[in-house]
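Structural description and commentary
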Amino acid sequence: MNDKLLSFLGLCRRAGKLTIGNDAVCEDIKNGTAKLVIVSNDVSLNTEKKLKKICDAYSTELLKLNRTRDELSAAIGKFGAVTGVSDEGFAKKLCELIKNENQEVTVYDKI
């Protein structure tokens, strides 16, 4: 895989620092363990609105990437459009990769 961002998400998963799926990520946000929430560009509008509301309430960063659900799923080895990163270092590195790639990203909260 030549995509550094997706490769790093795979590393986060192997390290056990990535939560996959809307319900699990929402629980992590509420518990304060999610440092960053990432959604694919084809996530449903309802899911996007729900996550934005929860992330705003719990001051958690939310990023919408220019990657599809299938691309994210291939990188992390499990089907999903919503992921949560529970490690501060991994979250910072992901933000750095996003900035370095100059890819289109929707930032809902502070980076």
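Residues numbered from 1 in each chain as written. Predicted model: local features only at pLDDT ≥ 70, side-chain atom pairs only at ≥ 80, totals over all residues. Heavy atoms only, no water.

1. Details of the side chain of Asp28
By secondary structure assignment, the location of Asp28 is in helix α2 (residues 22-31). For the buried Asp28, no salt bridge is present, and the opposite-charge side chain at shortest range is Lys35, 10 Å distant. Aside from chain neighbours lying at most four places away, what touches Asp28 is Thr19, Thr33 and Ala34. (Helix = DSSP H or I, 4+ residues; strand = E, 2+ residues; numbered from the N terminus. Buried < 20%, exposed > 50% of the residue type's maximum accessible area, 1.4 Å probe, protein only. Lys, Arg positive; Asp, Glu negative; His and termini not counted. Salt bridge = Lys/Arg side-chain N within 4 Å of Asp/Glu carboxyl O. Contact = heavy atoms within 4.5 Å.)

2. Here we look at the packing of helix α1 (residues 4-14) against helix α4 (residues 69-76)
The description of two packed helices rests on the angle between their axes and on the distance between the axes. It is at 7 Å that the axes of α1 and α4 come closest, and there the two elements cross at 50°. Taken together, α1 and α4 sit at an angle that is classed as oblique. Pair α1 / α4 crosses with right-handed handedness. Along its contact with α1, which presents Leu6, Leu9, Gly10 and Arg13, the element α4 presents Glu71, Leu72, Ala75 and Ile76. Here the contact of α1 with α4 is composed, by residue class, of five nonpolar, one polar and two charged. (Axes fitted to C-alpha atoms, helices over the stretch in contact; angles between N-to-C directions. Parallel < 35°, antiparallel > 145°, perpendicular 65-115°, else oblique. Left-handed = near helix turned anticlockwise from the far one by under 90°. Nonpolar A, V, L, I, M, F, W, Y, C, P; charged D, E, K, R; others polar.)

3. Description of the environment of Ile20
Here Ile20 lies in strand β1 (residues 18-20). In sequence terms Ile20 and Ser73 are 53 residues apart; their C-alpha atoms lie 9.5 Å from each other. Residues within four places of Ile20 in sequence aside, it is in contact with Arg13, Ile76, Lys78, Phe79, Gly80, Val82 and Thr83.

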